[in-house]
Structures are given as C-alpha cells and as structure tokens.
Amino acid sequence: MKGLDYRWIEALDSVVKTGGFDKAANALYVTQSAVSQRIKQLERFVAQPVLVRDQPPRPTPLGQKLLGFYQRIQLLEQELIPEISNHQPLQIRQLSIATNADSLATWLLPALSPVLKKHPLEMKFEVDREGRTLNKLKQGEVVGAISMASQALSGCVARYLGRMDYICVATPRFRERFFPQGLTKEALSIAPAVSFDQHDPLHRDFLKQHGIDIDRGINHWVSSSEAFVNMALNHCAYCLIPTIQIEKELEQGTLVDLLPGFCISFEMYWHHWQLETGLLKEVSEAILSYAQQHLIQPSR
C-alpha cells in the first residue's frame, strides 16, 4: 500500500497558512492547479475531506490532525538533516502548545526561556480553559498541552506538573468597603467580582459553596490574567487568583487574603505525544523541571 505523500500535506499546510490556493501556489512555486490536485489526492487517500473550501479555507478535524502530524515530522527532519550532512542552515522551528491563561501568565514562559534562548524557535501559544486545552492536542493543533486531566490520550503521555492554589483576594480598601463583617452571604451577593469569561466555572463554584445565587451582583469578564489582577489592584472587584501570581502583592499587602485557610486547587498535567526526541523532548523536560520546582508538589 502506498503511504502518505508529504507534498500533499505540504499543500494543505500552505493553503491553511496563506489563506488561499493562489497564495499557497506562490509559496510553493507551483501552479494553483497543482496545489488543488495535491489536496484532492490527499482526500482520495484518506477517503474524506481534509479542507473546508471557505474564505479563508480551514482544515477539517482530520485535516487538523494531519497538520499536527506534519508539524512533528518537520521538527524531526530539521533535527536529522544537520546530523547527516555538513550543511547546517539556520532554520526557524515552529512549535504550538495549548495552555491555560494563568500558567502562561505565571510559570510557563520562565520555564521555556532557556529553550527559546538556545534555539531559533517560534512559539505559538493556544490559550484556552484548562478543561479544553486537551482537545487541541487531540485534534492535532498542538504538540503539547497543559491540562487538569490526568488521563492521557491514545498515543500520548500525561506527566504531573504540580498544583495551583487559587485564593480569594481584594485590596484592603475594597475589603473595608464591601466586607467589613467578613465574607457574609449578604456581602457576597452585592460585592463586584471578576471572572475570566462566561465559561469560567471558578467563581460560580465559589459562590455555590457559599450558597449565593450566581445571577446576583456584578461579575466582570476579563479574559486576561494580568488584567484580572489589575482589576483587583484598582479596587474594582474581589476575585480568585493563583497564589503563584500574586506572591509579591500579598507580601506587600496591596492584596489581602479574604478567607485565610481557604483555597481551590487544581492539579496540572503536561500532555505530549509519546517517543519525543530532540527539541520536543527538550521542551518537555524544561516544562516539567520548572513546574516541579515552582508549583506545589504533594510532599510540600
């Protein structure tokens, strides 16, 4: 049986990246007809569509998996060629990782900085909620994902990173204004709060634990971890924030823990494909090493 012709996937990749068949043809130095033919051959081989012919074209779920596979093949090829030839051109490698916003805002970039300084690497961070990042790995959009799920996908490995604790905080001024008697049910019903977005379950779960109707009160949506903290620092709201993100603010007293001893914890895992080598293995090792030093571990 004839296997995949990588020129077919290269054509698919180029169409998706450039946003059209004509631009893909120019990028690949072939005719528009040749690009179209290669994608049709790929679709005949897999017996289903790999591209939605829309404006701009976008991959089908299978097409996305093929693109993820092609990304891993390119990385392996870039590592192999210098080993088998005397020619070592400077090649920019592209790597996509799915992560939650809080990890990206706190520990993930410091974890990857040694790798980024060492290699000509172009990172693409796909930011989503912790419960949805794994879908991007499953669909082939990324080579690794940070998730709360402990169960690995087929063909993948899940490695424990550590725990992130979220505490309820506000400024001293905000506490004096809205919680002079503590976090009573009445105070929580009217005090302005902030959530990441409409899909964020963290604040809703917190209110349910305290017997509060989730539709009462003001709840801002701020889809940025950094701006999330700034909302609290500017006396606009109380919120649940990972302790790793506000260590300095807690030490300086600009933010205070409204419920000492209370936290909501999430166990974090790094998911990646099995049999990683070269750069992908280096990235995984950097993420694991840094997280295990800076996130809360079971022995702590």
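Just so it is clear, the structure is predicted and the values come from calculations on it, not from any experiment.

Participant: Explain unusual backbone geometry here, please?
Facilitator: Leaving glycine out, the prevailing phi sign among residues is negative, and the prevailing peptide bond configuration is trans. At the junction of glutamine 55 and proline 56, the peptide bond is cis and its omega measures out at 0 degrees in the coordinates. Note on placement: proline 56 falls in the loop between β1 (51-52) and β2 (58-59). Not every positive phi belongs to a glycine, and tyrosine 29 is a case in point at roughly 60 degrees. You can see tyrosine 29 is positioned in the loop between α2 (21-28) and α3 (32-46).

Participant: Explain empty space enclosed by the protein here, please?
Facilitator: Take a probe with the size of a water molecule and roll it over the atoms, and the empty space left behind shows itself. This structure, assessed with the given rule, holds one cavity of 30 Å³ or more. A volume near 30 Å³ is recorded for the largest cavity. Along the walls of the largest cavity sit Leu95, Ile97, Val143, Trp270, Glu276, Leu280, Val283 and Ser284, which together make up its complete lining. When residues of the lining of the largest cavity are traced back to their parent elements, those giving at least two are β3 (93-99) and α12 (278-294). Looking at the lining of the largest cavity, the element that brings in the most residues is α12, giving three residues. For the lining of the largest cavity, the residue count by class is six nonpolar, one polar and one charged.

Participant: What should I look at first to understand the pairing of strand β6 (residues 156-170) in this one?
Facilitator: Bridge analysis of β6 against strand β11 (residues 264-273) gives 10 bridges, and the strand direction is antiparallel. Of the residues in β11, the one forming a bridge with tyrosine 166 is isoleucine 264. In the sheet, β6 pairs with strand β9 (residues 239-242) via four bridges, with the strands oriented antiparallel. Bridging across to β9, isoleucine 167 finds its partner in isoleucine 241. Alignment of β6 against strand β10 (residues 256-257), held across two bridges, turns out to be antiparallel.

Participant: Help me understand helix α9 (residues 201-209) in this model?
Facilitator: Every α-helical turn comprises 3.6 residues, leaving residues that sit three or four positions apart pointing alike. For α9, the set of buried residues is Leu202, His203, Phe206 and Leu207. One side of α9 holds all its buried residues, which, seen down the axis, span an arc of 130 degrees. Residues of α9 that are exposed and point more than 90 degrees away from the buried face comprise Lys208 and Gln209. Residues of α9 that are buried in the fold lie against β6, α8 (185-190), β7 (193-195), β8 (219-221), β9 and β11. Trailing α9 by a residue or two, glycine 211 shows a phi angle of about 70 degrees, which is positive.

The rules we used
Residues numbered from 1 in each chain as written. Predicted model: local features only at pLDDT ≥ 70, side-chain atom pairs only at ≥ 80, totals over all residues. Heavy atoms only, no water. Helix = DSSP H or I, 4+ residues; strand = E, 2+ residues; numbered from the N terminus. 1 Å grid on protein atoms, 1.4 Å probe; cavity = no way out; pocket = protein on both sides within 12 Å on 5 of 7 lines; lining within 4 Å. Points joined across faces, edges and corners; volume = space filled by probe spheres on them. Nonpolar A, V, L, I, M, F, W, Y, C, P; charged D, E, K, R; others polar. Pairing = 2+ DSSP bridges. Buried < 20%, exposed > 50% of the residue type's maximum accessible area, 1.4 Å probe, protein only. Arc of directions from axis to C-beta. Contact = heavy atoms within 4.5 Å.

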